[in-house]
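Residues per chain are reported as follows:
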Number of protein chains: 2
Amino acid sequence: MKSRDGNDLWPFFEPHSVAVFGSLKDGMGLGYVLIKNILDFGFSGRLYPVNPSYSEVLGMKAYPAVTEIADAVDLAVVITPPHTVPSIIEQCAEKGVKAAVIVSENFADAGGEGVKLQQQLVDITTHSAMRIMGPNTVGVFNACNGFTTIPYPFGYDRVRKGCIAYCSQTGVVLPECQPLEDRAYPISKMCDVGNKCDVNEVDLLNYLADDSETKVVAIHLEDVKDGRSFMNATRRLAACKPLLVFKSARSEAGARASASHTGSLAVNDRIYDNAIRQAGAIRVNTWQEFWDIPKVFAYHPLPLGNRVAIISHSGGAGVVATDAAMESGLAIAKYSDATLAKLAGLSPRLARNPIDLGPPLSLTDDPMTLQEDVIFTVLNDDNVDCATIVLYVGTMAPISYIIEMFDRLQKRVSKPMTVWFYGTKLSLVEEVSQQLEWLGVPTYTDQETAVKALGALVRYSRFKSGLE
Amino acid sequence: MKSRDGNDLWPFFEPHSVAVFGSLKDGMGLGYVLIKNILDFGFSGRLYPVNPSYSEVLGMKAYPAVTEIADAVDLAVVITPPHTVPSIIEQCAEKGVKAAVIVSENFADAGGEGVKLQQQLVDITTHSAMRIMGPNTVGVFNACNGFTTIPYPFGYDRVRKGCIAYCSQTGVVLPECQPLEDRAYPISKMCDVGNKCDVNEVDLLNYLADDSETKVVAIHLEDVKDGRSFMNATRRLAACKPLLVFKSARSEAGARASASHTGSLAVNDRIYDNAIRQAGAIRVNTWQEFWDIPKVFAYHPLPLGNRVAIISHSGGAGVVATDAAMESGLAIAKYSDATLAKLAGLSPRLARNPIDLGPPLSLTDDPMTLQEDVIFTVLNDDNVDCATIVLYVGTMAPISYIIEMFDRLQKRVSKPMTVWFYGTKLSLVEEVSQQLEWLGVPTYTDQETAVKALGALVRYSRFKSGLE
């Protein structure tokens, strides 16, 4: 039985040489597209197209079979009809290829004959050292070295490099499906383990625990292959970096639906819930939380306590934030006397938490300065551990004013803060949000997740301090 | 004591003559801006600017006092410094003005002297027939007749006319703060009751229950002035049209925060929860639900049962939708034998629920036709009451293909469906969503709310049938 310590997963993410099996039809074949993606993305290793019908593609020699390649091959990417896959994998194993991503579908995911076909792959991995990812996967995306196994066209180089690893057992999480560029998620690696005939979430969690380029891990799962190993891997990872787990197929019907597209089985959801919590990981329950909570860990230091300051352009939104804060395990910060005096000096109604900036801003000739003074005063208070800020964005003041304010605030004080912008034009809200992300301040498309993110940060901080 | 049956609220929404008290400074004064808003928005009644410092504004005669206006005045809108408000209101009452919106702030919302000032207003209303909305409110917005009391510049005529009334006790819900145009919400009326010195949620609910232009009501509340009247009004409204209630200030800290900006008091949240449910209204708990769930009622007939079909471009998203469906009181529809046979004929892996369109679409030369056939076949099944659909939107196929497909589907079958689009470009996702809204298909920015909306529809349907 293979060790699942993650040490043998490097050929998937950082191969020196890659063989690609698939159609090399000009501009259309998935093998062709993948090779073009890899070249465009800036991969610096060696590439070997394998297809007996071609002698050349994109200026490279094509090989009739993997056995014809003289050099060592770290990774094979297989995108051929399912019945051809076992023999290709067999040949790869014989040649000593270290790892294979099987993109091809219609294995356990299709039921019937596909289940038998997948079993043939399992048999090969038990008799060789080769690791297999998939089938029914698009494999990996590595923003750090410009490598991917995704055979769909997309501007992969436009994804922002960063320290969050997003993993899944479905392709919907990968770059060609999500607004990664528009939202400016800072990404290290992404991975879809598909049908998990060999490589599964345990390998991946262990690999990412040791990956120096990854500081936060978010994983989407429908099932877990081995509960005890999963617990151990989760515990190991959460001990060194924040781990967010989106476990779907929570309901019995969801588990049945999952089984029909990945061939997986159901377990009582409460078991997952307890296991995830006990390990110090954080469970998220929606796509929005899955995508948007990790970045609060990527940008910010862990807070020292749970005392939140709420600063809003709207009194009503301040109340909603207060509810969300209480429901996320935060406490409403009680400002120091010095802070209260300073705030009261700026405007009598500011000396409270949540702060409704609306009325004072409408009374001053210099609202931008007053706003910055208030936010800085509050963040600078020792009784405040973190802040959530709600700002209206309109055409009256340029976006650059807001960005410059946060730039100055970030330089003066380094406490976690999340921001929710609202306004009449979605394009404006998105533009200011994207710019602020690049500055390292997490922004949210809904107010409640902006507060939940701080709650997650506080919970992990307490876990790391041995308080939870 | 005044009746709160809503019969005397018409002067707020449909006045024939309006007096505006406030600064008439050219282009800047809030009275000036309001008068311009009303003129631009297409109001056909009479307008009387009132300000002793001006003799004319925007080509209209300005009056030194309300008593100088010869005609009857239905509505006064007051945007003057707080200490001047009681005497203005007193004069209006004496003249027989039917209603007043007090936009001015710094009454109970500010505490201290403001509380006494607000009490003076309460005293006036108890001795006259005049109704007061506010203070600390922007008042009303009526898309049906082009009237508003909001003194901030905005293209009010760009808001889509429709049948949803959104009400609140905070200005954040009004047109000048929300992307009403981009999201194409179909709106009849909007209203912010502010500090509720007189007109409150009970008047409003009763008024909207009888309003023929409103078919769905969404109300945001932080507190309730009189529990029993609120229960009665809620029950009366929910008996004739769907009512969604976003009750914030759920937590004690939230209620304290609410008290500080509206002068309201806290009640145990569970009481609200029970009251709302028993009345047949639907409680929503986030801004996103508040804005996006009502439209499913505006566009669709009530479903006959709770059996949902899930059709998705992604197997993983299908599982998430299944979880959300189970958690929203829906049942996963079991297709008829005829439907299963038809689906299997289209592609073997389609004969299931949720349907993962991904693999079959990648195998056909005509994915748009296959997709439409699948959706129509499923919606046409008598065992299906509603559907949630998840579609990838990219640059490969024009948006018009998607819109035309839904246009044909809507003409062939009239069951409720909600749609969640995902893709790499937010602008594309928003464009297709907006176009589909105009077609009368509700779209969602997150998958879970798309499913919850169907759950709300089913719950109200069961309530109306006497099942809940």
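That block above? That's the structure.
Residues numbered from 1 in each chain as written. Chains lettered and ligands numbered in written order. Predicted model: local features only at pLDDT ≥ 70, side-chain atom pairs only at ≥ 80, totals over all residues. Heavy atoms only, no water.

K.L.:
What is the right way to read the packing of helix H16 (residues 399-412) of chain B against helix H17 (residues 426-439) of chain B from this model?
P.N.:
Between two packed helices, the angle of one axis relative to the other and the distance separating the axes together describe the packing. All names here are of chain B. Direction vectors running N to C along H16 and H17 enclose 25 degrees, while the axes themselves pass 10 Å from each other. Relative to H17, the element H16 is oriented roughly parallel. Read as a crossing pair, H16 and H17 show a hand that is right-handed. Listed contacts from H17 to Ile 399, Ile 402, Ile 403, Phe 406, Asp 407 and Gln 410 of H16 are Leu 428, Glu 431, Val 432, Gln 435, Leu 436 and Leu 439. (Axes fitted to C-alpha atoms, helices over the stretch in contact; angles between N-to-C directions. Helix = DSSP H or I, 4+ residues; strand = E, 2+ residues; numbered from the N terminus. Parallel < 35°, antiparallel > 145°, perpendicular 65-115°, else oblique. Left-handed = near helix turned anticlockwise from the far one by under 90°. Contact = heavy atoms within 4.5 Å.)

K.L.:
What should I look at first to understand the nonpolar core in this one?
P.N.:
What tends to happen in soluble globular proteins is that the nonpolar side chains get buried as a cluster. B:Phe141, B:Tyr166, B:Met190, B:Trp287, B:Phe290, B:Trp291 and B:Phe297 are the most contacted members of the largest nonpolar core, which totals 53 residues. It is helix H18 (residues 447-464) of chain B that provides the largest number of residues to this core, a total of eight residues. Formed by 52 residues, the second largest nonpolar core is a distinct cluster that contains A:Tyr185, A:Ile293, A:Phe297 and A:Ala324. (Core = buried A, V, L, I, M, F, W, Y, C linked by side-chain atoms within 4.5 Å. Buried < 20%, exposed > 50% of the residue type's maximum accessible area, 1.4 Å probe, protein only.)

K.L.:
Before we go on, may I ask you to explain helix H17 (residues 426-439) of chain A in this structure?
P.N.:
Because the α-helix completes a turn every 3.6 residues, residues three or four places apart line up on one side. Residues and elements named next belong to chain A. Its 14 residues place the ends of H17 20 Å apart at the C-alpha level, agreeing with the 20 Å of an ideal helix rising 1.5 Å per residue. The complete set of buried residues in H17 reads Leu 426, Leu 428, Val 429, Val 432, Ser 433, Leu 436 and Glu 437. Considered in projection along H17, the buried side chains sweep an arc of 170 degrees and stay on one side of the axis. (Expected span 1.5 Å × (residues − 1). Arc of directions from axis to C-beta.)

K.L.:
Please explain the sheet that holds strand E13 (residues 243-247) of chain A as it appears in this structure.
P.N.:
Strand pairing within a sheet occurs via backbone hydrogen bonds; the two strands may be parallel or antiparallel. Residue and element names in this part refer to chain A. An order of E9-E8-E11-E10-E12-E13-E14 is seen for the seven strands of this open sheet, with the pairing classed as mixed. Two strands close off the open sheet at either side, each with one partner strand: strand E9 (147-148) and strand E14 (282-283). Where strand E10 (residues 161-168) meets strand E11 (residues 187-192), five bridges bridge the pair, whose relative direction is parallel. Each bridged residue has a counterpart across the sheet, and for Cys 167 the counterpart in E11 is Cys 191. Here helix H6 (residues 201-209) sits on the sheet in contact with E10, E11, strand E12 (216-221) and E13, set at roughly 175 degrees to E12. (Pairing = 2+ DSSP bridges.)

K.L.:
Can you walk me through the sheet that holds strand E6 (residues 99-102) of chain B in this structure?
P.N.:
Residue and element names in this part refer to chain B. In space, the five strands of this open sheet follow the order E2-E1-E5-E6-E7, with parallel pairing throughout. Of all the strands in the sheet, the pair left with one neighbour each is strand E2 (46-50) and strand E7 (131-133). The sheet shows a mean angle of 20 degrees between the axes of neighbouring strands, taken without regard to direction. Note that E6 and E7 share three bridges and pair parallel. Paired with Ala 100 across the two strands is Ile 132, which belongs to E7.

K.L.:
Any chance you could explain the relation of the copies chain A and chain B here in plain terms?
P.N.:
Look at the two chain copies: a rotation about an axis and a shift along it is all it takes to match them. By a simple turn and slide, chain A fits onto chain B: the slide is 0.0 Å along the axis, the RMSD is 0.0 Å, and the turn is 180 degrees. These values place the two chain copies in the arrangement generated by a two-fold rotation axis. If distances are taken from each C-alpha of chain A to the rotation axis, the shortest is found for A:Ser427, at 3.9 Å. Here 100% of the interface residues in chain A have copies in chain B that are interface residues too; the copies meet face to matching face. (Least-squares fit on C-alpha atoms with pLDDT ≥ 70 in both.)

K.L.:
It is not clear to me how the packing of H6(A) against helix H7 (residues 227-240) of chain A should be interpreted in this structure. Could you clarify?
P.N.:
All names here are of chain A. Close contact between H6 and H7 brings their axes to 9 Å; oriented N to C, the two are set at 20 degrees. The angle between the axes of H6 and H7 places the two elements in the roughly parallel class. Note that H6 runs across H7; the crossing there is left-handed. In this structure, H6 contributes Glu 201, Val 202, Leu 205, Asn 206, Leu 208 and Ala 209 to the contact, and H7 contributes Ser 229, Phe 230, Ala 233, Thr 234, Arg 236, Leu 237 and Cys 240. The residue makeup of the contact of H6 with H7, split by class, is eight nonpolar, three polar and two charged. (Nonpolar A, V, L, I, M, F, W, Y, C, P; charged D, E, K, R; others polar.)

K.L.:
What is the right way to read helix H15 (residues 367-379) of chain B from this model?
P.N.:
Taking 1.5 Å per residue as the helical rise, H15(B) with its 13 residues ought to reach 18 Å, and the 18 Å between its terminal C-alpha atoms agrees with that figure. Taken as a whole, H15(B) has its buried residues at B:Leu370, B:Gln371, B:Glu372, B:Val374, B:Ile375, B:Phe376, B:Thr377, B:Val378 and B:Leu379.

K.L.:
Please explain the packing of aromatic side chains as it appears in this structure.
P.N.:
The geometry of an aromatic ring pair is captured by two quantities: the separation of the ring centres and the angle between the planes. One pass over the structure, following the stated rule, counts 38 aromatic pairs over all chains. Seen from their ring centres, A:Phe43 and A:Phe147 are 4.8 Å apart, and the 45 degrees between their planes marks the pair as tilted. On the criterion of sequence distance, the pair formed by A:Phe43 in the loop between helix H2 (30-41) and strand E2 (46-50) and A:Phe147 in strand E9 is long-range, its members being 104 residues apart. The exposure class of A:Phe43 is buried, given its relative accessible area of 11%. A relative accessible area of 0% places A:Phe147 in the buried class. Note on A:Tyr392 and A:Tyr422: the rings are 5.6 Å apart at their centroids and 65 degrees apart in plane angle, and the pair reads as edge-to-face. With a gap of 30 residues between them, A:Tyr392 in strand E18 (residues 386-392) and A:Tyr422 in strand E19 (residues 417-422) connect regions that are remote in the sequence. The exposure class of A:Tyr392 is partly exposed, given its relative accessible area of 29%. Taken together, the aromatic side chains of A:Tyr166, A:Tyr185, A:Phe246, A:Trp287, A:Phe290 and A:Trp291 make up a single cluster linked through ring pairs. A cation sits over an aromatic face here: A:Arg160 above A:Trp438, 4.5 Å from the ring centre. Against the face of B:Phe376 rests B:Arg412, its NZ or CZ located 3.5 Å from the ring centre. (Phe/Tyr/Trp six-rings, centres within 6.5 Å; stacked < 30°, edge-to-face > 60°. Lys NZ or Arg CZ within 6 Å of the ring centre and 35° of its normal.)

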